Structures are given as C-alpha cells and as structure tokens.
Amino acid sequence: MSSVFVGVDLGVAAPHQAWAVGPGRKKLGEKKFAHLGGDIRGFVDWILALVDSPGDLIVGLESPHGPVVEELLAHEIAVYHLNPKQLDHYRQCDNVAGAKDDRRDARLLAERLETDLHSYRRVQPAGPIYVQLREASREREGLVSALRATCNRLRDELHRLSPRLLSLCPAADERWLWDLLELYPTPREAKGAKRGKVREVLKARRIRRHSLGEVIKALQGRGVSVAPGLTEAAHGKILRLVRRALSLDESLREVNSELKSLLQQLSTEEEALGNKKQRDAAVLLSMPGVGDVIGATLLGEATEALRQRDYQALRAVAGVAPVTVATGKRSKSKAKVKMRYACNSRLRNALHHMARVASQRDLAAKAHLRACLDRGHTLGRALRSVADRLLRILVAALRAGTLYDPSRLTGVYAQAAQVPASQPLTLTPCA
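Residues numbered from 1 in each chain as written. Predicted model: local features only at pLDDT ≥ 70, side-chain atom pairs only at ≥ 80, totals over all residues. Heavy atoms only, no water.

Asker: Explain the layout of surface pockets here, please?
Answerer: Using a probe with the size of a water molecule, rolled over the atoms, empty space left in the structure can be pinpointed. The calculated volume of the largest pocket comes to roughly 1,200 Å³. What lines the largest pocket is a set of 40 residues, and nearest its centre among them are Pro 64, His 81, Arg 121, Glu 301 and Val 317. The set of elements that each furnish at least two residues to the lining of the largest pocket consists of α2 (67-74), α3 (84-94), β6 (121-122), α5 (128-161), α13 (292-301), α14 (303-308) and α15 (311-317). Sort the elements by how many residues they give to the lining of the largest pocket and α14 lands first, with five residues. For the lining of the largest pocket, the per-class residue count stands at 17 nonpolar, 11 polar and 12 charged. Along the walls of the second largest pocket sit 16 residues, with Arg 140, Glu 141, Val 293, Asn 349 and His 353 positioned nearest its centre. Of all the secondary-structure elements, those providing two or more residues to the lining of the second largest pocket are α5, α13 and α16 (345-361). Ranked by residue count, the leading element in the lining of the second largest pocket is α5, at seven residues. (1 Å grid on protein atoms, 1.4 Å probe; cavity = no way out; pocket = protein on both sides within 12 Å on 5 of 7 lines; lining within 4 Å. Points joined across faces, edges and corners; volume = space filled by probe spheres on them. Helix = DSSP H or I, 4+ residues; strand = E, 2+ residues; numbered from the N terminus. Nonpolar A, V, L, I, M, F, W, Y, C, P; charged D, E, K, R; others polar.)

Here you go:
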C-alpha cells in the first residue's frame, strides 16, 4: 500500500487536530482528539487502521517532543518535525488573506509531507539516559533563572534597607548572607546581633575574605532613612525571599549532582562491555571548555546529530554556521554573510561558553581567536568561529572514538603549541 501522510496540529488549551492524505494529496479523513491518554491512543489506532503496516505511515508535527510523539514512536511510526516558521510560510502561500485555523494547519502539514518530505527532520527515539539528561539540563536552566530573579529581588530589598551588606556581597547570591538574613532580616533585628552566632555562620560557610568585625559593622551600621512601616513590611518579604533562595539553591545542587551521575554512566558504559572505543560522553567531556553542564546540554539537545556524526547538522542547529545571502546583483564573491538565528538557543548558549572558556584555557583555541580578532572580526563572530572549529574536531574525535588530543591537530592549532601560556589575549567588546 502507498504511504499515508498525517499532519497533526498540536493544541495547547484546545484539542489536537489531525488530517490524513494519501497519494496525490487525496483526503482520507480528519480527527480531533483531546490531550488525554485514551484519546491519544484512539488517534493512533485510527491512523493505523488506514494502512496495512505502521511502516506506511508518516506523521508530521511542529514539536519533536511530547506524549503524542512518544505514543507514535512506541508504535514504530515515522515522525517528522516541521519548524513552525516553515508552516507559517506554507500558510502564506496557501492563503494570501492570512486565514488561520487548526484544520488548515493540519492539512498543510499533511500535504507538505507528501511533497517535501526530504526537507524535514525525522525524529529518532533517544535512549532513556539522554532523555534524562535533556530534562535535567532544562530544569537546571529554569532553576538558575528563578534563583537569579530571587536574588535580584533580595538585592533590591537590601538596597532599600541595608546597603552596607551589599558591599560584602553585591549580588546577594551567597548562602552565608542568606543565613545571616534568616537571623537578622532587617537593621532593627541586627542591632542585637550576637558575635557568636555571626561567627558560627561564617565558619559554617567557610567565609574568610570578610572578618567578623566587617560583617558585624555592615549588619549594625546605620542604614538609610525609610518611610514608617517599610521595615515591618520588608521583614516578612526578606525572610520569604531567603527561604525561596535556599530552596532553589538546594534544588540546583541536586540537579547538578544528577547531571554528573548521568554523564558518568554514559562515560563508563561501553568500557564495562569491553569496547575499545570511547563513549560519546567521554569524548565530549575531553574537549576544551566542556564541563558537566555544557556536556549535558550538548548530549541532551543534539543527540541525533552527535549520534550520526553529522557536522553540518550540528553546526546549523547550534547556530555557529553562518547564513550566506547572494541574490540579484550580489555575486558570490560579494555575498553577505550574517549570523544564524534559526537554531536551538540552548545549544547556542552552551557553545558560546564552550568557546569562551576554551579560548582562555586552551592554547589552540586561544590562537584561533586571536587570528580572528586580528582579521577584524567582532568578539561574537570570533567566538562562533572558535566553536565551529571545536565542533569539527569533536566530530572527528567521535568518528575515531578517541579523546581530544591537541598534539594531533594541524594548522593554527599546531602553531598554538609554540605560544607561551603567559602571553595575554586582549578581548575588545563588540556590538
């Protein structure tokens, strides 16, 4: 039997809409189903009844994750991911008036699968550890953002009441300060601060850069004048912010420990089976500028590209591959090259920090960054170039199954071995 193409427009607060077409974009049926386990299984049974075997089904969605995708993959149905920007373009081509509804979007998804299947990315099921890595790294990103926001709010309160404390901890983001604020949240309570309790807090948190006298002086120093009632209002607010910051910080430590444990499992699994080749996680963690957080982000967000050793796909999804514009009067030699914005933002941030740290600690990356800056590139463009080179080396190391070895590199990386480590590198700010 010929293939059947099914487009699914996923709803958020509304039911999902499906549309099935056969050869020649002939409509075979449509179905609306709720985001419930029984309804999703009913949808899968409905599309399976349209074909002789699951291999004849091709389903397209705008999201590569979620219960609908997992149910389809569990039945060995081919699932393809279409970028929402692609669907917007198809919608404009289909209807110049700009009409939009769920049935139209589901139909467009199905019809484009039938005509342009090669333009879309097939979703491959990832291993359970990779799914855990992806979810844990995303949770960590959310916790870091929430903790930063909480610390900023706490800093604002201290700026209004106890600005001297901010001279000891400008960002209000350290646990020893939170412990002190639990004991003495406002200058009124701080007037009766006991040296023994303050000493215990500093000793427990191993704070040696500030003396006991400095901390007591900052706590008991005269604060700014405030309106009547503001101190009483800030008392409960500061305590709640401190408790929230301590809870978020504890959760962040747990997630960091989970990431480290998962990476260790991935790094040692094949060694236990007697396989001579290094695991992908071990190869990735050997790269300069890669730690637990960046390694987990790359393995979780770019699982398929790393598994396929696809350098072009990896650099595109990470945003380091430039976009070339050469149309009309602009010849290839004078083509405009601009930054890629259509990418995974998590991977972009991870590679930015990977290149930044590698440029500080690895002689080869440092030399390449210096060469880019000498050619007049901005700092951002130079760091993307460093990240691009590191990705190429990473893919080569993954194909060979060996750890990163700077002695095997050639060109500017080999020349970097002759650059003294003490030679400074000036980074100029860029737009």
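We are not done yet, so read on.
Asker: Help me understand the side chain of Asp 105, please; the structure alone is not making it clear to me.
Answerer: The residue Asp 105 is located in helix α4 (residues 102-116) in this model. Not counting residues within four places of it along the chain, the set of residues in contact with Asp 105 comprises Asp 9, Leu 87, Arg 91 and Lys 100. (Contact = heavy atoms within 4.5 Å.)

Asker: Can you walk me through the environment of Ile 58 in this structure?
Answerer: Tracing the sequence through the fold places Ile 58 in strand β4 (residues 57-61). Separated by 14 residues in the primary sequence, Ile 58 and Leu 72 place their C-alpha atoms 9.9 Å from one another. The residues touching Ile 58, leaving out its near neighbours within four places in the chain, are Ser 3, Val 4, Phe 5, Val 6, Ala 78, Tyr 80, Leu 113 and Leu 117.

Asker: Looking at this structure, how should I read a negative patch on the surface?
Answerer: A cluster of acidic residues, Glu 139, Glu 250, Glu 254 and Glu 258, forms a negative patch on the protein surface. Ranked by the residues each element gives to the negative patch, the list is headed by helix α11 (residues 230-272), at three residues. Within the secondary structure, Glu 250 sits in helix α11. (Patch = residues over 30% accessible without salt bridge, like charges linked within 9 Å, V, L, I, M, F, W, Y side chains within 5 Å. Areas by Shrake-Rupley, 256 points an atom, 1.4 Å probe, with all protein chains shown as cover. Salt bridge = Lys/Arg side-chain N within 4 Å of Asp/Glu carboxyl O. Lys, Arg positive; Asp, Glu negative; His and termini not counted. Charge placed at Lys NZ, Arg CZ, Asp CG, Glu CD.)

Asker: When you look at the state of the cysteines in this model, what are you seeing that I'm missing?
Answerer: Each disulfide is one covalent bond, formed between the sulfur atoms of two cysteines. Enumeration over the complete set of coordinates arrives at zero disulfides. There is no disulfide at Cys 151, and the cysteine sulfur nearest it, in Cys 169, is 8.1 Å away. (Disulfide = S-S within 2.5 Å.)

Asker: Please clarify how the sheet that holds strand β5 (residues 78-81) should be interpreted in this entry.
Answerer: Backbone hydrogen bonds are what pair the strands of a sheet, in a parallel or an antiparallel way. Reading across from one edge, β3-β2-β1-β4-β5-β6 is the order of the six strands in this open sheet, with mixed pairing throughout. The sheet terminates laterally at β3 (27-33) and β6, the two strands that pair on one side only. Where strand β2 (residues 16-21) meets β3, six bridges bridge the pair, whose relative direction is antiparallel. Residue pairing in the sheet places His 16 in a bridge with Phe 33 of β3. Across the sheet, helix α1 (residues 37-48) touches β1 (4-9), β2, β3 and β4, and the angle it forms with β3 is around 175°. Here α4 sits on the sheet in contact with β1, β2, β3, β4 and β5, set at roughly 145° to β1. (Pairing = 2+ DSSP bridges. Axes fitted to C-alpha atoms, helices over the stretch in contact; angles between N-to-C directions.)

Asker: Can you walk me through helix α10 (residues 212-220) in this structure?
Answerer: An α-helical turn contains 3.6 residues, so a residue and the one three or four places further along point in the same direction. Looking only at α10, the buried set comprises Leu 212, Val 215, Ile 216, Ala 218 and Leu 219. The buried side chains of α10 occupy one side of the element, clustering within an arc of 165° when seen end-on. (Buried < 20%, exposed > 50% of the residue type's maximum accessible area, 1.4 Å probe, protein only. Arc of directions from axis to C-beta.)

Asker: What am I meant to see in the nonpolar core here?
Answerer: As a rule of thumb, soluble globular proteins bury nonpolar side chains together. Counting 85 residues, the largest nonpolar core has Trp 176, Val 198 and Leu 299 as its most contacted members. Considering each element in turn, this core owes the most residues, 13 residues, to α11. Core analysis: the next-biggest nonpolar cluster, separate from the first, contains 21 residues, Val 4, Val 8, Ala 18 and Leu 57 among them. (Core = buried A, V, L, I, M, F, W, Y, C linked by side-chain atoms within 4.5 Å.)

Asker: In this structure, what is going on with the packing of aromatic side chains? I would like to understand it.
Answerer: The final tally for this structure, using the stated rule, is two aromatic pairs. Between Phe 33 and Phe 43, the aromatic rings sit 4.4 Å apart at their centres with planes inclined by 10°, giving stacked as the arrangement. On the criterion of sequence distance, the pair formed by Phe 33 in strand β3 and Phe 43 in helix α1 is long-range, its members being 10 residues apart. Overall, Phe 33 belongs to the buried group, its relative accessible area being 3%. (Phe/Tyr/Trp six-rings, centres within 6.5 Å; stacked < 30°, edge-to-face > 60°.)

Asker: Looking at this structure, I do not really get the confidence of the model for the protein. What am I missing?
Answerer: Regions with low pLDDT should not have their predicted coordinates read in detail. With 90% of its residues at a pLDDT of at least 70, the protein reaches an overall mean of 85. Confidence, read as mean pLDDT per element, is least for helix α19 (residues 412-415) in the protein (45) and greatest for α16 (94). Low pLDDT (under 50) marks residues 412-431, which in the prediction has 32 contacts with non-local residues, meaning those over four places away or in another chain. (pLDDT = per-residue confidence, 0-100.)

Asker: Just to check I follow, could you spell out unusual backbone geometry for this structure?
Answerer: Positioned with a positive phi, Arg 25 is a non-glycine residue whose angle comes to about 60°. Note on Arg 25: relative accessible area 45%, which makes it partly exposed. A positive phi is found at Ala 172, a non-glycine position, where the angle reads about 55°. For Ala 172, the position within the fold is in the loop between α6 (163-168) and α7 (175-183).

Asker: Is there a simple way to think about the side chain of Thr 303 in this case?
Answerer: Within the secondary structure, Thr 303 is located in helix α14. Among the polar contacts made by the side chain of Thr 303, one reaches the main-chain carbonyl oxygen of Leu 299 at a distance of 2.5 Å. Within the structure, the side chain of Thr 303 is placed 3.4 Å from the backbone oxygen of Gly 300, a separation counted as a polar contact. When residues no more than four places from it in sequence are discounted, the contact partners of Thr 303 are Ala 126, Tyr 130 and Leu 298. (Polar contact = N/O pair within 3.5 Å; in protein donor to acceptor, adjacent residues only side chain to side chain.)

Asker: I would appreciate a short explanation of the packing of α5 against α13 in the present structure.
Answerer: Two quantities define a packed helix pair, namely the angle between the axes and the distance from one axis to the other. Packing of α5 against α13 leaves a shortest axis separation of 8 Å and a crossing angle of 125°. Taken together, the axes of α5 and α13 lie oblique to each other. Considering only the axes of α5 and α13, their crossing is left-handed. The residues of α13 that touch α5, namely those facing Tyr 130, Leu 133, Arg 134, Ser 137, Arg 138 and Arg 140, are Val 293, Ala 296, Thr 297, Leu 299, Gly 300 and Glu 301. The class makeup of the residues in the contact of α5 with α13 is five nonpolar, three polar and four charged. (Parallel < 35°, antiparallel > 145°, perpendicular 65-115°, else oblique. Left-handed = near helix turned anticlockwise from the far one by under 90°.)

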